[in-house]
Amino acid sequence: AWPRTTPTLMLPGPLEDDERFKGHDGSAARVAALYLRRMTRLRHMDFDQALWQMLCLCSDPRRVYRSATYHRGTKHQWARDDPAFVVLIAYLLLVSTAAWCIGFGRGSPLSVLSLALYVLLVDFVVLGAALSTLAWTVANTYLLLPSGGRGGRSGGSGGGD
C-alpha cells in the first residue's frame with residue numbers, strides 16, 4: 001500500500017525566505033562579508049566537528065546526513081555558519097599543491113605560490129561556486145515537488161486497497 005502523502009525533497013529555499021538571514025538585509029555581499037570575517041577568527045572555529053564530518057563523508061555519509069538533519073531541526077538551517085570546513089579544505093589543497101610542486105620538480109617558491117593561488121581561487125572558489133549554483137538550479141527546478149505532493153490521495157477515506 002502506498003503512503004497517503006508523497007515525501008518532498010527538503011532543500012533550502014530562496015535567500016530571502018531563509019531563517020538565518022532574518023537579522024540583516026540578506027544581500028549576498030553582506031552574507032559573504034560575515035562569512036569571511038568568521039574565517040579570520042580561528043579560535044572560534046570548530047575544527048574537530050569539521051574534521052569529523054570530512055572523515056565520516058568518506059567512511060559513513062549517512063551519519064553526516066543525520067547530523068545535518070538534526071542540525072536543521074534544531075537550528076532551522078542546513079548550512080554550517082562555521083567556516084572551519086572550508087578552511088580545512090583550503091589548507092589541505094595548499095598542502096597537496098606544495099607536495100605536487102615538489103614531487104614534479106616545480107619547487108621554486110614562485111611556481112608553488114602561483115599554482116597555489118590558481119588552485120584556491122580558480123579551482124576551489126570559482127569552479128566551486130559555478131558548480132554549486134548549477135546544482136542548486138537543477139535541484140530547485142527539477143527535484144522539488146509541489147507542496148501538495150504528487151500522486152497522493154487528498155483527504156478523506158478513499159476507496160479500497
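Quick caveat, the model's predicted, so the values are computed rather than measured. (Residues numbered from 1 in each chain as written. Predicted model: local features only at pLDDT ≥ 70, side-chain atom pairs only at ≥ 80, totals over all residues. Heavy atoms only, no water.)

### A closer look at a positive patch on the surface
Then, number 1: Taken together, Arg 37, Arg 38, Arg 41 and Lys 75 make up a surface patch of like positive charges.
Then, number 2: Along the chain, Lys 75 turns up in helix α3 (residues 61-75). (Patch = residues over 30% accessible without salt bridge, like charges linked within 9 Å, V, L, I, M, F, W, Y side chains within 5 Å. Areas by Shrake-Rupley, 256 points an atom, 1.4 Å probe, with all protein chains shown as cover. Salt bridge = Lys/Arg side-chain N within 4 Å of Asp/Glu carboxyl O. Lys, Arg positive; Asp, Glu negative; His and termini not counted. Charge placed at Lys NZ, Arg CZ, Asp CG, Glu CD. Helix = DSSP H or I, 4+ residues; strand = E, 2+ residues; numbered from the N terminus.)

### Looking at the confidence of the model for the chain
Then, number 1: The share of residues in the chain with pLDDT of 70 or more is 72%, and the mean pLDDT across the chain is 77.
Then, number 2: Mean pLDDT across the secondary structure elements of the chain bottoms out at helix α1 (residues 28-39), with 80, and peaks at helix α5 (residues 109-143), with 93.
Then, number 3: Long-range and interchain partners of residues 151-161, a stretch whose pLDDT sits below 50, account for seven contacts in this model, where long-range means more than four residues apart. (pLDDT = per-residue confidence, 0-100. Contact = heavy atoms within 4.5 Å.)

### Concerning helix α2 (residues 47-59)
Then, number 1: With 13 residues, α2 should reach 18 Å at 1.5 Å per residue; the first-to-last C-alpha distance of 18 Å fits that figure.
Then, number 2: Check the buried side of α2 and you find it contacts α3 and α4 (84-103). (Expected span 1.5 Å × (residues − 1).)

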